[in-house]
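Results of the structural survey
Given next are the chains, with one letter for each unit.
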Amino acid sequence: MCPAIAELVPDYIRAFEAYTPSRPDPVLMRQYGVDHLHRLNNNENALGPPADARAVIEAFEPPRSAIYPSGDCYALRLALSERFGKDPERFLVGNGSCEVIASVIKAFCEKGDNIITADKTFAVYEWVAEFSGFEARLIPLSNWGFDPEAMLAAMDARTKILFVCNPNNPTGTWWDKGTMERFLRGVAGRAIVVIDEAYCEYVDDEAFPNGMELMERHPNVVVFRTFSKMYALAGLRVGYVCGQRDVVDYIRRTHIVYSVNSLGQPAAAAALADDAGHILATRRMVAEAKELLLPAFDALGLKYVSGAGNFVMVETPASDSLIYRQLMRRGVMVRTMTGFRFPNWIRVSLVQLPAMRDFLAAFGEVLQAVSTGPA
Ligand SMILES: *Cc1c(COP(=O)(O)O)cnc(C)c1O
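Just so we're clear, the structure is a prediction, and the values are computed from it rather than from any experiment. The residue numbering used here restarts from 1 in each chain and proceeds along that chain's sequence as written. Where totals are concerned, whole chains, interfaces and linings use all residues; where local detail is concerned, this predicted model gives features only for residues with pLDDT of at least 70, and gives and counts side-chain atom pairs only at 80 or more. Hydrogen atoms and water are omitted, and side-chain values are computed over all heavy atoms in the structure.

**Re helix α9 (residues 177–187)**
Exposure classes here rest on a 1.4 Å probe applied to the protein chains alone. A residue is buried below 20% of its type maximum, exposed above 50%, and partly exposed in between. Where helices and strands are cited, they refer to DSSP runs of H or I of at least four residues and of E of at least two residues respectively, numbered from the N terminus. Burial in α9 covers these residues: Thr179, Met180, Glu181, Phe183, Leu184 and Val187. The contact rule is simple, with two residues in contact once any of their heavy atoms fall within 4.5 Å. As for α9, its buried residues are in contact with α8 (148–153), β5 (159–165), β6 (192–196), α10 (211–217) and β7 (221–226). Two residues or fewer after α9 comes alanine 188, characterised by a positive phi angle close to 50°.

**Here we look at the packing of aromatic side chains**
We call Phe, Tyr and Trp rings a pair once their centres come within 6.5 Å, taking the six-membered ring for Trp, and we label the pair stacked below 30 degrees between planes, edge-to-face above 60, and tilted otherwise. Under the counting rule described, the total for this entry stands at 22 aromatic pairs. Summarising the aromatic geometry, the rings of tyrosine 125 and phenylalanine 163 are spaced 4.7 Å apart at their centres and angled 15° between planes, so their arrangement reads as stacked. A residue pair is termed long-range when its members are at least 10 positions apart, and tyrosine 125 in helix α7 (residues 124–131) and phenylalanine 163 in strand β5 qualify at 38 residues. Each member of the pair, tyrosine 125 together with phenylalanine 163, is buried. In textbook terms, an aromatic cluster arises when at least three aromatic residues are bridged by ring pairs, as seen for Phe84, Phe91, Phe227, Tyr231 and Tyr240. We call a charge positioned over a ring when the NZ of a Lys or the CZ of an Arg lies within 6 Å of the ring centre and within 35 degrees of the ring normal. Above the ring of phenylalanine 342, the side-chain terminus of lysine 120 is found at 4.7 Å from the ring centroid.

**Details of the sheet that holds strand β8 (residues 239–242)**
Paired strands, as defined in this entry, are two strands with at least two bridges between them according to DSSP. With mixed pairing, seven strands are arranged side by side in an open sheet as β2-β8-β7-β6-β5-β3-β4. In this open sheet, the two edge strands, each paired with only one partner strand, are β2 (91–94) and β4 (135–139). On average, each strand axis in the sheet is inclined to that of its neighbour by 20°, with strand direction left out of account. Pairing between β6 and β7: four bridges, direction parallel. Following the sheet pairing, valine 194 is matched in β7 by valine 222. Angles shown run from 0 to 180 degrees and are taken between the N-to-C directions of axes, each axis being a line fitted to C-alpha atoms and, for helices, limited to the stretch in contact. The strands that helix α5 (residues 74–84) touches are β2, β7 and β8; relative to β2, the one it contacts most, it runs at about 130°. Running over the sheet, helix α6 (residues 97–108) touches β2, β5, β6, β7 and β8 and is turned about 160° from β5.

**Section: the site of the ligand**
Lining the immediate environment of the ligand, one finds 14 residues, of which Ser97, Asp196, Thr226, Ser228 and Lys229 sit closest. Between the ligand and serine 97, the relevant distance is 2.6 Å, taken from an oxygen atom to a main-chain nitrogen or oxygen of the residue. At a separation of 3.0 Å, an oxygen atom of the ligand approaches a polar backbone atom of cysteine 98. Per-residue accessibility takes into account occlusion by the displayed protein chains alone, with areas from the Shrake-Rupley method and a 1.4 Å probe. In the complex, the protein chains occlude 94% of the 390 Å² of accessible area that the ligand would expose alone. Each residue gets one of three labels, nonpolar for Ala, Val, Leu, Ile, Met, Phe, Trp, Tyr, Cys and Pro, charged for Asp, Glu, Lys and Arg, and polar for the others, Gly among them. Taken together, the residues of the shell around the ligand break down into six nonpolar, five polar and three charged. Neighbouring residues are identified by heavy atoms, a residue being near a molecule or strand if any of them is within 4 Å of it. Under the rule applied, a polar contact is a pair of N or O atoms within 3.5 Å (in protein, one hydrogen donor and one hydrogen acceptor; residues adjacent in sequence only if both atoms are side-chain atoms).

**Topic: the packing of α6 against helix α11 (residues 245–253)**
Two elements in contact, α6 and α11, have axes separated by 8 Å at closest approach and are oriented at 100°. As judged from the angle between their axes, α6 and α11 are roughly perpendicular. The segment α6 lies against α11, with Ser103, Val104, Ala107 and Phe108 engaging Val247, Tyr250 and Ile251. Classifying every residue of the contact of α6 with α11 gives six nonpolar, one polar and no charged. Convention used here: angles under 35 degrees read as roughly parallel, angles over 145 as roughly antiparallel, angles from 65 to 115 as roughly perpendicular, and any remaining angle as oblique.

**Re the domain arrangement of the chain**
Considered domain by domain, the chain is made up of domain 1 (3–47 + 276–372) and domain 2 (51–273). Start and end positions for the domains come from either an automated domain assignment or a database one. If you average the C-alpha positions of domain 1 and of domain 2, the two centres end up 24 Å apart. At the interface, 28 residues of domain 1 touch 29 residues of domain 2. Of the roughly 2,400 Å² buried between domain 1 and domain 2 on both sides combined, carbon and sulfur atoms contribute 67%. Summed over both partners, the accessible area (1.4 Å probe) lost when two parts come together is defined as the buried area.

**Description of the layout of surface pockets**
Buried and open spaces are told apart on a 1 Å grid over the protein atoms alone, a cavity being a set of points where a 1.4 Å probe fits but cannot get out and a pocket being an open set with protein on both sides within 12 Å along at least five of seven lines. Residues with an atom within 4 Å of a point are the lining residues. Grid points are joined across faces, edges and corners, and a volume is the space filled by probe spheres set on the points. Taken as a whole, the largest pocket spans an internal volume of roughly 1,500 Å³. Tyr19, Pro21, Asn42, Trp127 and Arg335 are the residues nearest the centre of the largest pocket, which is lined by 49 residues in total. Breaking the lining of the largest pocket down by element, the ones donating at least two residues are α3 (25–32), α6, α7, α14 (320–328) and β12 (335–336). Of the residues that constitute the lining of the largest pocket, the class distribution is 20 nonpolar, 15 polar and 14 charged. Estimates place the volume of the second largest pocket at around 300 Å³. Around the second largest pocket sit 15 residues that line it, and Cys200, Val203, Asp205, Phe208 and Asn210 are the ones nearest its centre. Per-class residue counts for the lining of the second largest pocket are six nonpolar, one polar and eight charged.

This is how it looks when you write it as structure tokens:
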């Protein structure tokens with residue numbers, strides 16, 4: 001690169017390595033010589049969106065594409081307000097919850113500040129902090145889960161935000177009500193606590209803490225939720241943050257208006273209104289997939305981690321990128337986990353049984369091949 005340009009670039013950008021998304025399915029299918037591909041790499045909901053959201057998507061009229069969307073997701077925030085019994089001004093909607101991660105960091109961090117999260121969790125918190133020039137303190141998981149004491153011990157006067165992924169992607173672990181309450185008392189309002197509840201709709205347990213309630217007693221708590229996972233609208237990019245009014249008012253100052261498109265907004269509102277049967281059907285699909293996969297992993301003698309959420313992680317006896325390529329040649333796409341600091345593990349989304357059976361058959365063949373010689 002031209003040296004003059006490089007001099008314009010801050011050190012923390014020069015040091016940052018960009019994320020490479022996977023190529024489009026048709027390109028991958030050509031590359032691996034297959035005519036179908038099971039997408040088990042992104043924790044997408046294979047059932048697709050609820051019926052009412054489908055209807056909204058089908059009814060979208062092309063001329064509406066010429067018109068800017070509601071700049072602040074007016075109707076969707078009203079729908080969220082009704083669902084959760086909170087003022088609509090307490091919701092800030094983004095182009096996926098990934099966008100609101102950036103808005104929260106911009107609102108609270110300045111030069112010299114730090115954020116705290118885990119070393120093996122959703123990497124976007126760490127990435128946004130680092131490419132914005134802030135230190136990300138990454139606390140090792142303990143027993144596959146976030147370590148509350150070690151996170152508190154890592155706090156200092158420059159800690160502005162603690163990110164807790166509950167349940168955690170990729171381990172599925174979660175803090176129960178007591179653990180969360182003790183942690184929040186330990187933070188004692190000194191920093192913002194983000195609870196990322198991207199997978200909360202998959203948890204059906206009395207002991208699971210609801211961030212929407214916690215924020216009423218702990219005003220430094222903000223909650224992230226998304227329509228990408230349970231609601232199966234990942235392609236439309238809608239997620240949001242909810243918190244106390246004054247906290248959200250600060251975050252809104254840093255947030256790009258008009259970032260959520262005209263189709264995503266009404267589809268998300270419709271999905272929310274039609275979610276009861278959808279959530280039950282999705283939980284049932286996930287439970288059936290686990291009932292098939294976990295005993296099969298046991299029989300293969302493989303170590304796995306299975307908690308809440310629509311995914312399971314399994315350790316592989318060969319390099320995860322080799323296993324990935326071999327599975328791709330059999331029409332199955334999984335997530336390699338070396339990038340999540342789990343070298344030689346893969347993460348598999350939990351979907352309908354026929355796809356799970358195809359995965360197991362392909363995985364069995366691949367394991368056989370790697371154990372008997374060079375692949
Ligand atoms: C998928 C996911 C998100 C959601 O991202 P969107 O930008 O809303 O699609 C957020 N947090 C975690 C932990 C996730 O796994």
